[in-house]
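# Survey of secondary and tertiary structure
Residues per chain, in single letters:
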Amino acid sequence: DWSIASYLLNTGYHTLTWTYRKDPAVSNGSDCGWIDTIKFPPSVFSTSLPEYFCDTNQFDLGNIEISVPVTRFFTIFNFGAAELVGNISTPEGITIALMDYQRSRKSVRNNTSVERNNVEYTIPSYGSQQFMFTLIPEVSGALEEQLLVTSNDPFNNADLIQISAVVVPTET
């Protein structure tokens, strides 16, 4: 048996999940489920505005050692039809750099002259940009920091990426 189903979603990002549960009383047939023809209406704003999305909102680094650099990556996507422009600011002790993929995805190079505490970015429509942050902890104890990401997306113009860790003395 098949059926048509439709669901109304509010504006924003959603995770849709389909689950199949076997009916133990039935042993014939294909014993599976199919999903066919998923349709999403175009965004009302998709013709003229940028649309910011970041693939993470926190990094839990666990235990890290004093003076040992820790590097993590994140990606900002522009799901809109206009250029996304913004800035990433980091607190002291954390630097940020844009990553540039050159011809081959395996060839990654830092396309900024130096890592810094403030990086401006421009992402074309329907594009993405990967960033790398580096943290060099200086004192032991709990560490709670934030990266501030701003953009020209009128509906999501500021985002905080949480960074947490426990800094421990360097083992010798």
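See above for the structure.
Okay, so let's go over this structure. (Residues numbered from 1 in each chain as written. Predicted model: local features only at pLDDT ≥ 70, side-chain atom pairs only at ≥ 80, totals over all residues. Heavy atoms only, no water.)

### What about the nonpolar core?
Under the convention used in this document: What makes a nonpolar core is a set of buried Ala, Val, Leu, Ile, Met, Phe, Trp, Tyr and Cys residues whose side-chain atoms join them at distances within 4.5 Å. Residue exposure (1.4 Å probe, protein chains only): buried if accessible area is under 20% of the type maximum, exposed if over 50%, otherwise partly exposed. Labels follow the DSSP assignment, with helices taken as runs of H or I lasting at least four residues and strands as runs of E lasting at least two, numbered in each case from the N terminus.
One finds L61, F74, I76, I88, Y121, F131 and F133 to be the most contacted residues of the largest nonpolar core, which totals 27 residues. Counting residues per element, this core draws most heavily on strand β10 (residues 158-168), which supplies four residues.

### Some points on the packing of aromatic side chains
So the rule is basically this: Under the pairing criterion, centres of Phe, Tyr and Trp rings, with the six-membered ring standing for Trp, must be within 6.5 Å; the plane angle then separates stacked pairs below 30 degrees from edge-to-face pairs above 60, leaving the rest tilted.
This model, assessed by the stated rule, comprises seven aromatic pairs. Ring geometry for F74 against F131: centres 5.5 Å apart, planes inclined by 20°, an arrangement best described as stacked. One end of the pair, F74, is in strand β3 (residues 70-78); the other, F131, is in strand β8 (residues 128-135), with 57 residues separating them in the sequence. When the centroid spacing of 5.7 Å and the interplanar angle of 10° are considered together, the rings of F77 and F79 count as stacked. Owing to a relative accessible area of 25%, F77 belongs among the partly exposed residues under this scheme. Overall, F79 belongs to the partly exposed group, its relative accessible area being 39%. Three or more aromatic residues joined by ring pairs make a cluster, and in this case those are F59, F74, Y121, F131 and F133.

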